[in-house]
Amino acid sequence: MDKDVVISVENISKKFRVYIDKGSQLKERMLFKERNRYEDRPVLKDISFSVRKGEAIGLVGHNGCGKSTTLKLLTRIMYPDSGKITMKGRVVALIELGAGFHPDMSGRENIYFNAAIFGLSRKEIDDKVEDIIAFSELEEFIDNPVRTYSSGMYTRLAFSVAISIDADILLIDEILAVGDAGFQAKCFNRLKQIKAQGTTIVIVSHSLGQIEEICDRSYWIHEGLIKSEGKPVDVHEQYLDYIADYRQEVAAKEVQRQESKRIAAEKKAEEAEAEAALNSEENDQKESTASSEQAQDNSGEEIEPTAEELVSARKGDGTVIVKKVLMYNSNNVAQTIFKTDDKIRVDIDIEVKSDKEQAIGVAIGFLRLDGVLCYSTNTLIDGYTVDRSKGKKMISFEVDKLSFLPGGYATDVAIVNEDGSICDYLSNALSFEMICKHHDSGVFRLNHSWRSSSEE
Amino acid sequence: MIKEIYAYREMIFSMVQKDLRGRYKGSFLGFLWTFINPLLQLLVYNLVFSIILRSGVDKYYLFLFVALIPWIFFSSAITGGSVSVIAQKDLVKKIYFPNEVIPISYVTSCFVNMLLGFVVVIGVVIYSGVHISPLALLCLPVVMIVEYFLALGIAMITSAVTVYFRDLEHILTIIAMAWMYITPVVYDIEICPTEYRWIMHINPMTSVIIAFRDILYYGRVPEMMTLLEAVVLGVVFLLIGCLVFRKLKRRFAEEL
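Because the structure is a prediction, the values reported are computed rather than measured.

What counts and what doesn't
Residues numbered from 1 in each chain as written. Chains lettered and ligands numbered in written order. Predicted model: local features only at pLDDT ≥ 70, side-chain atom pairs only at ≥ 80, totals over all residues. Heavy atoms only, no water. Helix = DSSP H or I, 4+ residues; strand = E, 2+ residues; numbered from the N terminus. Buried < 20%, exposed > 50% of the residue type's maximum accessible area, 1.4 Å probe, protein only. Contact = heavy atoms within 4.5 Å. Areas by Shrake-Rupley, 256 points an atom, 1.4 Å probe, with all protein chains shown as cover. Rg over C-alpha atoms; globule rule 2.2 N^0.38 Å. Lys, Arg positive; Asp, Glu negative; His and termini not counted. Charge placed at Lys NZ, Arg CZ, Asp CG, Glu CD. Expected span 1.5 Å × (residues − 1). Arc of directions from axis to C-beta. Patch = residues over 30% accessible without salt bridge, like charges linked within 9 Å, V, L, I, M, F, W, Y side chains within 5 Å. Salt bridge = Lys/Arg side-chain N within 4 Å of Asp/Glu carboxyl O. Domains from an automatic or database assignment. Buried area = accessible area lost by both parts, 1.4 Å probe. Polar contact = N/O pair within 3.5 Å; in protein donor to acceptor, adjacent residues only side chain to side chain. Phe/Tyr/Trp six-rings, centres within 6.5 Å; stacked < 30°, edge-to-face > 60°. Lys NZ or Arg CZ within 6 Å of the ring centre and 35° of its normal. Pairing = 2+ DSSP bridges. Axes fitted to C-alpha atoms, helices over the stretch in contact; angles between N-to-C directions. Nonpolar A, V, L, I, M, F, W, Y, C, P; charged D, E, K, R; others polar. 1 Å grid on protein atoms, 1.4 Å probe; cavity = no way out; pocket = protein on both sides within 12 Å on 5 of 7 lines; lining within 4 Å. Points joined across faces, edges and corners; volume = space filled by probe spheres on them.

(A) Spatial organisation of the overall build of chain A. Along chain A, the regular secondary structure elements total eleven helices and 17 strands. Relative to its full complement of 456 residues, chain A shows a buried share of 43%. When contacts within chain A are restricted to residue pairs at least 6 apart in sequence, those whose partners lie at least 24 apart make up 71%. Taken as a whole, chain A presents about 24,800 Å² of accessible surface, with 48% of it coming from carbon and sulfur.

(B) Main features of the overall build of chain B. What chain B contains, in helices and strands, is 13 helices and zero strands. Going residue by residue from the N terminus, the α and β elements of chain B occur as α-α-α-α-α-α-α-α-α-α-α-α-α. Against the 2.2 N^0.38 benchmark of 18 Å for 256 residues, chain B shows a C-alpha radius of gyration of 19 Å, consistent with a compact globule. With the C-alpha coordinates aligned to their principal axes, the bounding extent of chain B is approximately 55 × 45 × 35 Å. In chain B, buried positions account for 53% of the 256 residues. In chain B, 20 side chains carry a positive charge and 17 a negative one; their mean positions are 9 Å apart.

(C) Structural context of helix α9 (residues 168-181) of chain B. All names here are of chain B. Across its 14 residues, α9 extends 20 Å between first and last C-alpha, which sits within 8% of the 20 Å expected from 1.5 Å per residue. Buried within α9 are the following residues: Leu168, Leu172, Ala176, Trp179 and Met180. Along the axis of α9, the buried positions cluster into a sector of 110 degrees, meaning they face one direction only. Exposed residues pointing more than 90 degrees away from the buried face of α9 are listed as His170, Ile174 and Met177.

(D) Main features of a negative patch on the surface. Together, Glu270, Glu271, Glu273 and Glu275 of chain A line one region of the surface with negative charge. Tracing the backbone through its elements, the reader meets Glu270 of chain A in helix α8 (residues 232-286).

(E) Structural context of helix α6 (residues 181-196) of chain A. Residue and element names in this part refer to chain A. In this model α6 runs 23 Å from its N-terminal to its C-terminal C-alpha over 16 residues, within 8% of the 22 Å that 1.5 Å per residue would give. Every buried residue of α6 is listed here: Phe183, Cys187, Phe188, Leu191, Ile194 and Lys195. End-on, the buried residues of α6 take up no more than an arc of 140 degrees, which puts them together on one face. Across from the buried face of α6, at angles greater than 90 degrees, the exposed residues are Ala181 and Ala196. Residues of α6 that are buried make contact with β3 (56-60), α4 (122-136), α5 (151-163), β6 (169-173), β7 (200-204) and α7 (208-214). Two residues or fewer past α6, Gly198 is found with a positive phi of approximately 100 degrees.

(F) Examining the domain arrangement of chain A more closely. Residue and element names in this part refer to chain A. Annotation of chain A at the domain level lists domain 1 (5-90 + 167-244) and domain 2 (315-444). The largest per-residue losses of area from domain 1 upon contact with domain 2 belong to Leu240, Asp241 and Ala244, which jointly make up 63% of the total buried on that side. Summed over the shared surface of domain 1 and domain 2, the result is one salt bridge. With a closest N to O distance of 3.6 Å, Lys339 and Asp241 form a salt bridge. Run the count over domain 1 and domain 2 and you get zero residue pairs in polar contact (both at pLDDT 80 or more). Counting only elements with at least two residues in the side of domain 1 that touches domain 2, the list comes to α7 and α8.

(G) Up close: the packing of aromatic side chains. In total, this model carries 25 aromatic pairs over all chains according to the counting rule given. Residues Tyr217 of chain B and Tyr218 of chain B carry aromatic rings whose centres are separated by 4.8 Å and whose planes lie at 80 degrees to one another, so their mutual orientation is edge-to-face. You can call Tyr217 of chain B buried: its relative accessible area is 11%. The structure contains a cluster of three or more aromatic residues connected by ring pairs, namely Phe338, Phe366, Phe397, Phe404, Tyr409, Phe432 and Phe444 of chain A. Between the NZ or CZ atom of Arg76 of chain A and the centre of the ring of Tyr96 of chain B, over which it lies, the distance is 3.9 Å. In this structure, Arg156 of chain A packs its charged tip against the face of Phe183 of chain A, placed 5.3 Å from the ring centre.

(H) Inspection of the sheet that holds strand β11 (residues 337-339) of chain A at higher detail. All names here are of chain A. Spatial ordering of the open sheet is given by β11-β17-β16-β13-β14, a layout of five strands whose pairing is mixed. Strands with a single pairing partner mark the edges of an open sheet, and in this sheet they are β11 and β14 (373-378). Pairs of neighbouring strands in the sheet enclose a mean axial angle of 25 degrees, with direction left out of account. One ladder, built from three bridges, connects β11 with strand β17 (residues 422-435); its direction is parallel.

(I) Structural view of the interface of chain A and chain B. Taken together, the contacts link 33 residues of chain A with 29 residues of chain B. Carbon and sulfur atoms make up 55% of the surface buried where chain A meets chain B, a total of about 2,700 Å² over both sides. Considering only the side of chain A, the residues that lose the most area to chain B are Ile77, Tyr79 and Ile117 of chain A, jointly responsible for 22% of the buried surface there. At the junction of chain A with chain B, the criterion picks out three salt bridges. Where chain A touches chain B, the interface holds three residue pairs in polar contact (both at pLDDT 80 or more). Contributions of two or more residues to the side of chain A that touches chain B are made by β1 (5-19), α1 (26-31), α3 (107-117) and α4 of chain A. The residue inventory of the side of chain A that touches chain B, partitioned by class, reads 15 nonpolar, seven polar and eleven charged.

(J) Spotlight on a nonpolar patch on the surface. Residues Leu40, Leu43, Leu47, Ile51, Ile52 and Leu53 of chain B make up a contiguous nonpolar surface patch of roughly 610 Å² in combined accessible area. In this fold, Ile51 of chain B is placed in helix α3 (residues 33-52).

(K) Geometry of the layout of surface pockets. When its volume is computed, the second largest pocket comes out at roughly 840 Å³. Lining the second largest pocket are 32 residues; nearest its centre among them are His102 of chain A together with Ser14, Met15, Lys18 and Asp19 of chain B. For the lining of the second largest pocket, the secondary structure elements donating two or more residues are α3 of chain A together with α2 (9-23), α5 (84-87), α6 (89-94) and α7 (101-128) of chain B. Sort the elements by how many residues they give to the lining of the second largest pocket and α2 of chain B lands first, with nine residues. Taken together, the residues that form the lining of the second largest pocket break down as 13 nonpolar, nine polar and ten charged.

(L) Spotlight on unusual backbone geometry. Residue and element names in this part refer to chain A. Located in the positive-phi region is Arg76, a residue other than glycine, with phi close to 70 degrees. By the secondary structure assignment, Arg76 is in the loop between α2 (67-75) and β4 (82-87). Despite not being glycine, Asn332 shows a phi value in the positive range, around 70 degrees. Within the fold, Asn332 resides in the loop between β10 (320-328) and β11. Since its relative accessible area comes to 49%, Asn332 is described here as partly exposed.

(M) Spotlight on the pairing of β1 of chain A. Residues and elements named next belong to chain A. Relative to strand β2 (residues 38-52), β1 runs antiparallel, the two being bridged by eleven bridges. By the bridge assignment, Arg17 is partnered in β2 with Asp40. In the sheet, β1 pairs with β4 via five bridges, with the strands oriented antiparallel. Bridge pairing in β4 places Ser13 opposite Ser82.

Laid out in structure tokens, this is it:
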């Protein structure tokens, strides 16, 4: 092994036992033999990597991919089923911060106990205790019992202890959820400092930006295997691509589920209507007209409002109505999640109910969920003529690059007359989500480049 | 492994301190219970064995007391020790540290309790007027350490096994009671029929208790054979305990 390598992980695998119905009592073990059956669920299949002294690596992956298990194996809380892990030097894990805290003891006493759990001697702790208290910014409260602390103070204290220990290897799981923004920045800077001093760092995080900032390499763990490794920016790009596809899949499933639910509801409504009609017929035969009218009214209330009724609840004169709005990706699949700069198409089904002299315009607007209007236009502005003859038609709105930045968006669709009066206005006709692997911020991505020149 | 546990000595120290401080926390007599409890037990056994079941042993209270205090240490170490790892499951599951620290701390805190109990024992010995040779007194720490090893070895086994098999905790209270009666604590080994004496001798506590009684009741240096037997058994049990614990601790985080 290279002498610079401080963490070496060779072909490790780990299975968890999932008990079908576990009994840990003698009676249960004897009487219900079948209860001791368990399934082996493989979490890590074959993971190998090595980290040199002073390097920082990040482990990324979706929930349950095995990245936290990998970290637990590195801390030696758990052991791999097969394979070998070699680590050199003192390992400190910032995983469960404050796990050893005793609520009745004071902050200071807890520093001593917590540092002792990390394997420090009393003398070492004595030397550090003032630094720890100063870093935590809890001087005023340090002699109060920690049960009186707020949760933010609690984690601040725990983090201060863990980060003050001179570790050779630092293992971190979702670090910077500590305290307020100011304290987070402080922790992050401290981490960079520690790295500069030659400590090897392994980070598990969902905050890819943090990993990119501090790590030299990233490993994408997927279903117990390393799917990709390399420069964080490159690995994260692949990972985010995967996540986007996955999210789109989930969203498509959700659309399907909603659709089948809607169909089922419609069917039910139809049945109810049919039944009601039947009832009223019977009533007609038997009773007076008054009571039958009442029965009809009642049955009418139970039926869900139909599309037509919804339309009547909308703004506008109803001479032209919007029937359906769907958004498609470049592969012609209807979706509600898109990546920034995707090519998209919005199909608007409309129905012209009555002829009029006036021309109509189809308007579309995109609003961010906080209500900011991001973009809006209509066919009249763009000089595109929509045929106003009676009947159903479909208008498509195409965008080569939808450059909205990540977040939730709503689409408003409206049909207007040339004079500005509204035929139909459908607010929040379609909501969608944008995702992106870059970290720029704002509403849009501007198509841009950077250049520099120095003055002579 | 020893090196690592040495590095964690501060943790052991804190845990022992926490345990001793917490033991009688909130009770009216507090720390005094460390002394009152064995004295009351002594009173009960003394009443039974010198008034009802007359044993005919001279100074029975002393005969009993010098064996009872070490026995209480041993029995509380193995029964209480069995749940020590489970009691610390939050630590075991979340933080790495050599898990041996837990039974070591527990047994050590029981041991410190026994040492405090010995303050009373020495008082009773002086009151009784028994003369103890200085050489015999020198053997006392040796016997204590041997008993500590023995208790630690067994506590390591019970604490690790209980993680996988919780019933052991309850089974152990019965075992501890039975064990007391196959150890010459309340009676002299001489009254045990010879054909059953072998049971006594495979019991590692027998030689320890005999050694304590030799020193503090008879005031003499224990026989070489008794001491040797105790030392060998103590070391063997400690090694077995360490091996079992090391094997079983690998899955603690998953089982707890």
